Amino acid sequence: MKIFSRAYFILIPMRTVKVTLVLLLTFASCNSSKKDIVNTHQFKNLLVNETSPYLLQHANNPVDWLAWNDVTFATAKEKNKLIIISIGYAACHWCHVMEHESFEDNAVADVMNENYISIKVDREERPDVDQIYINAVQLMTGSAGWPLNVVALPDGRPVWGGTYFKKRDWISALEQIQKIYVEDPDKLIENANQLEAGIKSMDLVPLNTDKIDYPTFNTNQIVKKWSESFDHKFGGLNRAPKFMMPSNYAFLLRYAKQEKDEHLMNYVDNTLQKIAYGGIYDHIGGGFSRYSVDTKWHVPHFEKMLYDNGQLASLYSDAYTATKNPLYKEVVEGILAFVALELTDKNGGFYSSLDADSIDQNGNLNEGAYYIYSKEEIQTQIGDDFEIFKEYYNINNYGIWENNHYVLIRDKSDLEILKNFNISLKQLQEKKTKWKKILLNFRSKRNKPRLDDKILTSWNGLMLKGYVDAYKVFGNKDYLKIALKNANFIKDNVLQEDGALFRNHKNGKSNINGYLEDYATVIDAYISLYEASLDEQWLQTANQLTEYTFKHFFDTKNQMFYYTNDKDPALVSRNFEYRDNVIPASNSIHAKNLFKLAHYIDNNKYNEVARQMLANVTPEIQQYPTGFSNWLDLLMNYKNSYYEVVVVGKNAKEKIKAINTYYLPNALLAGSITEGNSPLIKERYIDGKTMIYICVNNACKLPETDVKKSINPIKL
């Protein structure tokens, strides 16, 4: 099938599924003319009743968009019309391009409105819907991304699709498909049957009954194979575009430290440094964009996503404990300052993203317009410091982007700059602070990128953990304060009386049932918050949420957790999410949760399920390690000793703070300032003393009072 498309591509490996499609469409690629574009505000459709910023962006299109719900599908069946399912998200650049070229156009709207029921879906609110149609387009074309545009039968089963289409391509395809539907509908039904079978065969994990000896498992061979794709110059993988993939480097960092692999450690350190130096990091306002289009992390797609920044706050905090590289502390501070300023609701929730696009000085919507600078602008703003600024951020051929504009990028350390300009570190830090203040003020006068202010539970879980991990490492009480406010926001606003979580929250309203990733990330964050605060309510809530997942998500046959709740309306397929991507798979996060909770509450069922989940995916780990890095991190818990570090006594919190400054991915923390009844605390309180207990495999060393002495044997 020939499709002319551009998209944000996904990085999901797919099992080979043979699907022979009988529908073939060929059409020419052709640009639409600007005169065909209409004023969007002449129109209004039913999306005006939605809360999703992405859906609201399309509420003034002449297309008669409807939301995804039972009423919409009932209408399609009643009128016997094909369905267009168009999926994207608020910060997606090419989604905006297709909207402007096609969905704001009268001629396109006429074709869509006459022959189709058109549904707009926010993929961030409805990842379950998105995954069905991503898989369908993956089967049809070999790749998929956003915008995602699919034609389906009235029952929702896909028959054709692709990503971004130019106007005339889109019209041509829709007209041809409608013609087939009228003259020979059996062809579309045959397509739908084949695609349905293919989709149902994807993302299913069989029960693996093989006995696996993890202590002798050959992880060395897996990492060696993985290393063949390393970019040792710029870090990351030797390809473009480059995604940051935090779980990959979290695992490789741990593996390098645990296996004492200096070569691998240098690669990880170089990767994290080059990402931090790159234009993908906002050197003025803090925070990271989604990915880089080039190999040196220079030019990003400028959208800033909460889920990236939450994970990167955790990754760079961990990397700081492992290396003590001051750059990593600076990066974490930048991320959290950005999130606090731009993505935090007054009630403690975290917003989803900032758009890639904004209105430039000529009144045009352009990607990156808010973040780029001309040489003349920088010279005027920076003044006498321009020469050192130019060297520090490469206002030269290395840092140029397009149209004589620059994306700030570093390629020198602070030490090199100090030597070149004969200044002190204090002077450089003062200059950097001044530069950031000047340029923040300068660009604040520009049109800001649009904010997607919906609050997604799973992404909040990732950001909550980012704040907690930063607090653990750096001890900034403001980080803990923000974390606690968010944890309570989740508990008070998206946790339902029956123990279920909502997926979303906006304007006081939550209306979408949560998915496994919402539970997994919040449970993970609450466990981490317990380790930082020693407040057992977070551990108890984490366990209650876990029990809910067993009731409503767990497949007893395959010992995995479905992505959707058994209370949700059925889709084309109910599958498992188990491959790690830009966000780790919900099953891998949850398996790690079960592993830790098994220790905390002495529940062997949790441990057995976690081990079986790992066994189920182990055959595929060896084929595609980059898609299973979070699983590999769990595997290391079984391969090597995993410790329980328990601190009990009136000074427990102070000692826990000290312990948290060590890099200990091979241990969990528990503690109490008083007597307690939980399995790890019970009968360990000694009046007048604060003792540190180090245990492994149900055997404990003699308790210690000195943090360094107690931790030294287990630190990596």
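Here, the structure is the one placed above.
The following paragraphs examine the structure supplied in this document. Everything quoted here is computed from the prediction, not taken from an experiment. (Residues numbered from 1 in each chain as written. Predicted model: local features only at pLDDT ≥ 70, side-chain atom pairs only at ≥ 80, totals over all residues. Heavy atoms only, no water.)

### Observations concerning the overall build of the chain
Summing up its helical and strand segments, the chain has 25 helices and 25 strands in all. Computed over the C-alpha atoms, the radius of gyration of the chain is 26 Å, within 12% of the 27 Å expected from 2.2 N^0.38 for a compact globule of 716 residues. Taking all contacts inside the chain whose residues are at least 6 apart in sequence as the whole, residues at least 24 apart take part in 71%. When the accessible surface of the chain is split by element, carbon and sulfur atoms take 47% of a total near 28600 Å². Positive and negative charge centroids in the chain, built from 83 and 87 side chains respectively, lie 4 Å apart. (Helix = DSSP H or I, 4+ residues; strand = E, 2+ residues; numbered from the N terminus. Rg over C-alpha atoms; globule rule 2.2 N^0.38 Å. Contact = heavy atoms within 4.5 Å. Areas by Shrake-Rupley, 256 points an atom, 1.4 Å probe, with all protein chains shown as cover. Lys, Arg positive; Asp, Glu negative; His and termini not counted. Charge placed at Lys NZ, Arg CZ, Asp CG, Glu CD.)

### Describing the packing of aromatic side chains
Applying the stated criterion to the full structure yields 45 aromatic pairs. Ring centres of tryptophan 68 and phenylalanine 73 lie 4.7 Å apart, and the angle between their planes is 75°; this geometry places the pair in the edge-to-face category. Take tryptophan 68: its relative accessible area is 19%, and that puts it in the buried class. The rings of Trp65, Phe103, Trp160, Phe165 and Trp170 are connected pair by pair, giving a single aromatic cluster. If you follow lysine 120 out to its NZ or CZ, it ends over the ring of tryptophan 65, 5.1 Å from the centre. The ring of tryptophan 146 is capped by arginine 123, whose NZ or CZ atom sits 3.8 Å from the centre of that ring. (Phe/Tyr/Trp six-rings, centres within 6.5 Å; stacked < 30°, edge-to-face > 60°. Buried < 20%, exposed > 50% of the residue type's maximum accessible area, 1.4 Å probe, protein only. Lys NZ or Arg CZ within 6 Å of the ring centre and 35° of its normal.)

### Concerning the sheet that holds strand S4 (residues 116-122)
If you walk across this open sheet you meet the five strands as S2-S4-S3-S6-S7, and the pairing is mixed. Looking along the sheet, the strands with just one partner apiece sit at the ends: strand S2 (65-66) and strand S7 (158-162). Bridge count for S2 against S4 is two bridges, and the pairing is parallel. Paired with tryptophan 65 across the two strands is serine 118, which belongs to S4. Contacts from helix H7 (residues 185-201) reach strand S3 (82-88) and S7, with the element oriented near 80° to S7. (Pairing = 2+ DSSP bridges. Axes fitted to C-alpha atoms, helices over the stretch in contact; angles between N-to-C directions.)

### Here we look at unusual backbone geometry
The omega torsion of the bond from tryptophan 146 to proline 147 falls at 10°, within 30 degrees of zero and hence cis. With respect to the helices and strands, the residue proline 147 is situated in the loop between strand S5 (145-146) and strand S6 (148-152). Along the chain, alanine 240 connects to proline 241 via a cis peptide bond; the corresponding omega equals 0°. Topologically, proline 241 is positioned in the loop between helix H8 (219-227) and strand S8 (242-243). Even without being glycine, asparagine 422 reaches a positive phi, approximately 55°. By the secondary structure assignment, asparagine 422 is in the loop between helix H15 (414-421) and helix H16 (425-443). Owing to a relative accessible area of 70%, asparagine 422 belongs among the exposed residues under this scheme. Positive phi, close to 60°, is recorded for glutamine 559, a residue that is not glycine.

### Thoughts on the environment of valine 696
Along the chain, the position of valine 696 falls in strand S24 (residues 691-696). When the C-alpha positions of valine 696 and tyrosine 642 are compared, they lie 6.2 Å apart, and in sequence the two are 54 residues distant.

### As for the pairing of S4
Each regular strand displays side chains that alternate between the two surfaces of the sheet. Counted residue by residue, S4 has seven buried out of seven residues, so it is predominantly covered. Residues Tyr116, Ser118, Lys120 and Asp122 line one face of S4 and the alternating positions Ile117, Ile119 and Val121 line the opposite face, and both faces are buried. Across seven bridges, S3 lies against S4 in parallel orientation. Paired with serine 86 across the strands is lysine 120, a residue of S4.

### As for empty space enclosed by the protein
Counting across every chain of the model gives six cavities of 30 Å³ or more. Considering the residues around the largest cavity, the lining is formed by 40 residues, among which Asp318, Lys465, Asp469, Lys592 and Asp633 are closest to the centre. When contributions to the lining of the largest cavity are tallied by element, the ones reaching two or more residues are helix H9 (246-258), helix H11 (306-323), helix H17 (457-474), helix H19 (516-533), helix H21 (586-601), helix H23 (629-639) and strand S23 (667-672). Taken together, the residues of the lining of the largest cavity sort by class into 18 nonpolar, twelve polar and ten charged. (1 Å grid on protein atoms, 1.4 Å probe; cavity = no way out; pocket = protein on both sides within 12 Å on 5 of 7 lines; lining within 4 Å. Points joined across faces, edges and corners; volume = space filled by probe spheres on them. Nonpolar A, V, L, I, M, F, W, Y, C, P; charged D, E, K, R; others polar.)

### Some points on helix H6 (residues 167-183)
For H6, spanning 17 residues, the distance from its first C-alpha to its last is 25 Å, which sits close to the expected 24 Å at 1.5 Å a residue. Where H6 is concerned, the buried positions are Lys167, Asp169, Trp170, Ile171, Ala173, Leu174, Ile177, Gln178, Ile180 and Tyr181. (Expected span 1.5 Å × (residues − 1).)

### A word on the pattern of salt bridges
Scanning all chains against the criterion turns up 36 salt bridges. When the shortest N-O distance is used, the salt bridge between aspartate 385 and lysine 434 registers 3.2 Å. Of this pair, aspartate 385 sits in the loop between helix H13 (375-382) and helix H14 (386-393) while lysine 434 is found in helix H16, placing the two residues 49 residues apart along the sequence. Here lysine 434 falls in the partly exposed class, since its relative accessible area comes to 42%. (Salt bridge = Lys/Arg side-chain N within 4 Å of Asp/Glu carboxyl O.)

### Thoughts on the sheet that holds strand S12 (residues 353-354)
Either a parallel or an antiparallel arrangement is found when strands of a sheet pair, and the pairing is made through backbone hydrogen bonds. Here we have three strands laid out as an open sheet, ordered S11-S12-S17, and antiparallel in their pairing. Since the sheet does not close on itself, it has two edges, and those belong to strand S11 (304-305) and strand S17 (451-452), each with one partner.

### With respect to the state of the cysteines
This model, assessed by the stated rule, comprises two disulfides. Paired through a disulfide, cysteine 92 and cysteine 95 show a sulfur-sulfur distance of 2.3 Å. Residues cysteine 92 and cysteine 95 share a disulfide whose torsion about the S-S bond is about 80°; that sign makes it right-handed. Accessibility assignment for this pair places cysteine 92 and cysteine 95 in one class, buried. Paired through a disulfide, cysteine 695 and cysteine 700 show a sulfur-sulfur distance of 2.0 Å. Here the disulfide of cysteine 695 and cysteine 700 is right-handed, its torsion about the S-S bond being about 100°. For cysteine 695, a relative accessible area of 2% corresponds to the buried category. Disulfide connectivity for the chain, with bonded cysteines indexed by sequence position, reads 1-2, 3-4. (Disulfide = S-S within 2.5 Å.)

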